[in-house]
Amino acid sequence: MSNIVSITDDIYWIGVNDRSTELFEAIWPLPSGVSYNSYLIEDDKVAVIDTVKNTHIDSYLLNIKDLLGEREVDYLIINHIEPDHSGAIKAFKEAYPEITIVGNKKTIGLLEGFYKIVDNVKIIGDGDHLELGEHKLNFHLTPMVHWPETMMTYDSKDKILFSGDAFGGFGTLDGGIFDDEVNIEFYEDEIRRYFSNIIGKYTPMVQRAISKLDGLDIEVVASTHGPIWRDNPQRIIDDYSRWSKQDTEEGVVIVYGSMYGNTEKLVESVARNISKEGIKNIRVYNISTTHVSYIINDIWKYEGLILASCSYNTGIFPPMDYLLRILENKNLKNHSLGIIGSYSWSGGALSRLEDFAAKSGCDFIDPAIEMKCSPDNDDFDDAKLLAKNIAEKLKE
Ligand SMILES: Cc1cc2nc3c(=O)[nH]c(=O)nc-3n(C[C@H](O)[C@H](O)[C@H](O)COP(=O)(O)O)c2cc1C
């Protein structure tokens, strides 16, 4: 019996779990794997919404054959053509040669680019619909969440929103696929890590997409990754809405780059002093040993951010520079930011951090600390002051 789960009497989850890929998009670690969710609607016409990565084609197509027998698939709707969802399209078209592929103008351009497929395509526009029989699918274009062609498909009969990557997260579906079948706490961090690292650059587009959904009566959110939200669909919409505004909780993330422990020593003092000010959520990360995706996840969670780095070859410590570039690319804002640079002769770290602070949309917290070689009493006094100031700001 194949691995198919009914969502309603004629709508099915036909997705797959990936526990083999170590790095999503060849960058982001997948300790809990990821699911590629695909959906099938069996009505007078049969429609599939999004496919799966090319690593899972055989089992995926077998599942569909198991479900449909000799019946053909009439439509393949592409909400999102990133290859983790479109990798099975060529094989799909070979299995169902008469199929019509449905997407918007940008999707169809990318379909030709990636797969050289140009025949039997149907271009839809924002607000268009497709009748399958009892089911009527409405298309809502939501560009740049996080690719230009991204769109959502709404089934008005069962009030299901097939949302593409929006409202998705990391983590395989281990038996339970619905929010009420799993302990959702398990997914919380991995959903925010997905959002902050994959979608986080496109926060205005996420907000635009969410306001576009305003009038829709949504009973189920079915994204392309992670759990299907049928018990509390509003929860994931609210989470995505909050994260896209960079609304944060009380807490401080301290990230440091230190080769020989001197910068780290000052960081320990800052952390201790923030704790003495009554802040309970303090996360200290060594930039050299924790993958940036976990750090970015916590930066998206907490308001306070302190970046501390040594100098290296007249610039900032390279792993810290990598984090800064990512945060610049994501237009980090709405955070309270403190900075610490250390040097032994020329410096370089603090000026890069100052440049970052000036360009970011964060509130700068005094004092910027520049430490020579190892911390002295003045540096420890400054660390205390920075801790006091950031704690006061968080409590405002
Ligand atoms: C490869 C290398 C390059 C460095 N480049 C600089 C530099 O350009 N300017 C500077 O002031 N210090 C430089 N330093 C010295 C560091 O400031 C010093 O090693 C210090 O201990 C680093 O801080 P940490 O103890 O927190 O690792 C460099 C050190 C190393 C190992």
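Residues numbered from 1 in each chain as written. Predicted model: local features only at pLDDT ≥ 70, side-chain atom pairs only at ≥ 80, totals over all residues. Heavy atoms only, no water.

## Describing the pattern of salt bridges
Cut-off, in case you're wondering: Just to be clear on terms, a salt bridge is a Lys or Arg side-chain nitrogen sitting within 4 Å of an Asp or Glu carboxyl oxygen. Segments assigned H or I by DSSP are reported as helices when at least four residues long, segments assigned E as strands when at least two residues long, and all are numbered from the N terminus. Each residue gets one of three labels from its accessible area relative to the maximum for its type: buried under 20%, exposed over 50%, partly exposed in between, using a 1.4 Å probe on protein chains only.
This model, assessed by the stated rule, comprises 20 salt bridges. Here D180 and R230 are joined by a salt bridge, their closest N and O atoms 2.7 Å apart. On the criterion of sequence distance, the pair formed by D180 in the loop between strand 15 (160-164) and helix 5 (185-199) and R230 in the loop between strand 16 (220-223) and helix 7 (233-244) is long-range, its members being 50 residues apart. Judged by its relative accessible area of 39%, D180 is partly exposed. The exposure class of R230 is partly exposed, given its relative accessible area of 34%.

## Details of the pairing of strand 10 (residues 100-103)
Here is the rule: A pair of strands is treated as paired once DSSP finds two or more bridges between them. Consider the strands pointing away from the viewer: the crossover is right-handed when the path from the first strand over the helix to the second runs clockwise.
Note that strand 9 (residues 75-77) and strand 10 share 3 bridges and pair parallel. When the sheet's bridge partners are listed, I77 is paired in strand 10 with V102. As paired strands, strand 10 and strand 11 (residues 121-123) are joined by 3 bridges and run parallel to one another. Looking across to strand 11, one finds that G103 is bridged to I123. A crossover links strand 10 with its parallel partner strand 11, the connecting element being helix 4 (residues 105-115), and its sense is right-handed.

## Let's talk about the packing of helix 9 (residues 292-301) against helix 10 (residues 318-329)
The line we're drawing: For helices, the axis comes from a line fit to the C-alpha atoms of the stretch in contact; other axes are also lines fit to C-alpha atoms, and the angle between any two N-to-C directions lies between 0 and 180 degrees. By definition in this entry, angles of less than 35 degrees are roughly parallel, angles greater than 145 are roughly antiparallel, angles of 65 to 115 are roughly perpendicular, and the rest are oblique. Handedness of a helix crossing follows the sense of rotation of the near helix relative to the far helix, less than a right angle counterclockwise being left-handed and clockwise being right-handed. The contact definition used throughout considers only heavy atoms, calling two residues in contact when any of these lie within 4.5 Å.
Packing of helix 9 against helix 10 leaves a shortest axis separation of 11 Å and a crossing angle of 50 degrees. Of the possible angle classes, the one that applies to helix 9 and helix 10 is oblique. The way helix 9 lies across helix 10 gives a crossing that is right-handed. Residues V292, I295, I296 and I299 of helix 9 form the contact with helix 10, whose own contacting residues are Y322, L323, I326 and L327.

## A closer look at unusual backbone geometry
As a rule of thumb, non-glycine residues mostly have phi less than zero, and peptide bonds are mostly trans rather than cis. Each neighbour pair has its own omega, and for V145 with H146 the value is 15 degrees, a cis peptide bond. Relative to the helices and strands, H146 is located in the loop between strand 13 (136-141) and strand 14 (151-155). The backbone of N120 shows a phi angle near 55 degrees, a positive value even though the residue is not glycine. Looking at the secondary structure, you find N120 in the loop between helix 4 and strand 11. Using a relative accessible area of 35% as the deciding quantity, one classes N120 as partly exposed. For C373, which is not a glycine, the phi torsion comes out positive at approximately 60 degrees. Along the chain, the position of C373 falls in the loop between strand 24 (369-372) and helix 12 (377-395). With relative accessibility at 39%, the residue C373 sits in the partly exposed group.

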